Amino acid sequence: MDNKSGNKLRHIAISVPDPWKSAEFYQKAFGFKKVGETDSSLARGVYLSDGVMSIALLNYKSDQAAGEDRGKDFVGLHHIGVWVDDIVAARADAEAAGGTYYMGEVPVKGNIFYEVKYRDPDGVIIDLTDHGWGGAAKNVVAAADGPAFRNPDLVADRSGIK
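Given the structure is predicted, the values throughout are model-derived calculations rather than measurements.

Here is what the cut-offs are and how they apply
Residues numbered from 1 in each chain as written. Predicted model: local features only at pLDDT ≥ 70, side-chain atom pairs only at ≥ 80, totals over all residues. Heavy atoms only, no water. Helix = DSSP H or I, 4+ residues; strand = E, 2+ residues; numbered from the N terminus. Expected span 1.5 Å × (residues − 1). Buried < 20%, exposed > 50% of the residue type's maximum accessible area, 1.4 Å probe, protein only. Arc of directions from axis to C-beta. Contact = heavy atoms within 4.5 Å. Polar contact = N/O pair within 3.5 Å; in protein donor to acceptor, adjacent residues only side chain to side chain.

Chemist: I'd like a rundown of helix 1 (residues 19-30), residues and numbers included.
Modeler: Along its 12 residues, helix 1 runs 16 Å from first to last C-alpha, staying within 8% of the 16 Å computed at 1.5 Å per residue. For helix 1, the set of buried residues is Pro-19, Ser-22 and Ala-23. Viewed along the axis of helix 1, the buried residues span an arc of 105°, placing them on a single side of the element. Of the exposed residues in helix 1, the ones pointing more than 90 degrees away from its buried face are Lys-21 and Lys-28. Those residues of helix 1 hidden inside the fold are in contact with strand 3 (43-49) and strand 4 (54-60). Where helix 1 begins, the capping side chain belongs to Asp-18, and its oxygen is found 3.0 Å from the backbone nitrogen of Trp-20. One or two residues past the end of helix 1 sits Gly-31, with phi positive at roughly 75°.

Quick look at the structure:
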């Protein structure tokens, strides 16, 4: 399977009650480094990084900001972010694959950070940006033959899946 235009998963956001308390855990348990904080109209939080991925620990300010289907008190994986080469092409690809636009626009001034949010067919929120996230590195040298396929002969039982 070909990775379109070098798109990279580089951002994960977790909705938590206390971002600073959660950040302390991730720093102590895994050695992640704090690379920033946020206090926007949507959420307050802490940004961590392992040197490749950006992890946002967010406390949403309202149900609307968190997504009314989840609400501000939701705790858990909130969304993922994909660093793309071309935001226009990535948006078209997301829609062609069955994704639906959720919120956000590319600003008129091209050097301003932004995220355009889509929902996948299951409702998972995906941020798209071509500016990346603090603490994330877009291009990392992967194994020449790609990730190893675990248990290539295993065929999972799909009965009961709708």
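Next comes the rest of the account.
Chemist: So, the environment of Leu-9: which residues are in play, and what are the values?
Modeler: The topology assignment puts Leu-9 in strand 1 (residues 8-15). Taking the C-alpha atoms as reference points, Leu-9 and Leu-128, 119 residues apart in sequence, are found 9.7 Å from one another. Contact partners of Leu-9, with chain neighbours within four places excluded, come to Met-53, Ile-80 and Gly-81.

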